[in-house]
Amino acid sequence: MSAPAGMPAGAPERARAAYGWVTDGTTTFLDLVDDLAATPDAWATPSLLPGWTRAHVVAHVHQNALALGRLLTWARTGVETPMYSSQEARDRDIEESSRLDPATLRDAAHESSQALARQWDELPDSAWDALVRTAQGREIPASQTLWMRTREVWIHAVDLERGFGFEAVPGDLRAALASDAAKRHAAGDSGAALVAWLTGRSSKPPQLGSWL
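Residues numbered from 1 in each chain as written. Predicted model: local features only at pLDDT ≥ 70, side-chain atom pairs only at ≥ 80, totals over all residues. Heavy atoms only, no water.

Asks: Provide a residue-level description of the pattern of salt bridges, including the pertinent values.
Replies: One pass over the structure, following the stated rule, counts 7 salt bridges. Between R90 and D91 there is a salt bridge, with its nearest N and O atoms 2.8 Å apart. The class of R90 is buried, set by a relative accessible area of 17%. By relative accessible area, which is 39% here, D91 ends up partly exposed. Residue E95 pairs with R99 through a salt bridge whose shortest N-O separation is 3.3 Å. Classification of E95 as partly exposed rests on a relative accessible area of 30%. Salt bridges here are not isolated pairs; linked through shared partners, they connect R151, D180 and R184. (Salt bridge = Lys/Arg side-chain N within 4 Å of Asp/Glu carboxyl O. Buried < 20%, exposed > 50% of the residue type's maximum accessible area, 1.4 Å probe, protein only.)

Dropping the structure here:
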């Protein structure tokens, strides 16, 4: 089977689904951002994320593209380039970006997404398996950045609360997101309650912490 149109030739087979998902998700997210920019007053209103406005969500996704780009630079050059210099720097960059005027932040979100796509396109074949570290300290191959970005654009598209919900997310991607979230939560303190609920052995949904 041939790779999806536009998929980098050197990307491993396991990245096939994520490449399609991240491409479609980026388009979906940026379309919502364009819609928001047409109604500037909506940027300062709350998102689905506690304590964050819609502008914060857009700023976060913009900064995430830059951060994943740094991981790809690490994979390409072999020079350690963390996603963020610190948690404080990450939070500060998001806050500062959220204060940009809507048109400027919209353009920044488009430009950083396009730059990230170019970095994937230009990544040498040998770099896809290069090991890098996430902001949480997990060691992953660079190919996992496709899945990381997939989660960001689709879930935060929902967080913008602009009429786009999980029912509009492709079914196979919903299943992958649910599996990812369940795996992470099951390993934590709420794991037993989650398993009991998912298997129908408990009617009480567990209290879950943050995931993404």
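Asks: I'd like a rundown of the nonpolar core, residues and numbers included.
Replies: Judged by nonpolar contacts, the single largest core of 28 residues is most densely connected at F29, W43, V58, W154, L160, F164 and L173. Elements with a contribution of two residues or more to this core: α1 (16–37), α2 (54–77), α4 (102–122), α5 (145–159) and α6 (171–186). Ranked by residue count, the leading element in this core is α1, at 7 residues. Counting 24 residues, the second-largest nonpolar core is a separate cluster that includes A18, A67, W120 and V132. (Core = buried A, V, L, I, M, F, W, Y, C linked by side-chain atoms within 4.5 Å. Helix = DSSP H or I, 4+ residues; strand = E, 2+ residues; numbered from the N terminus.)

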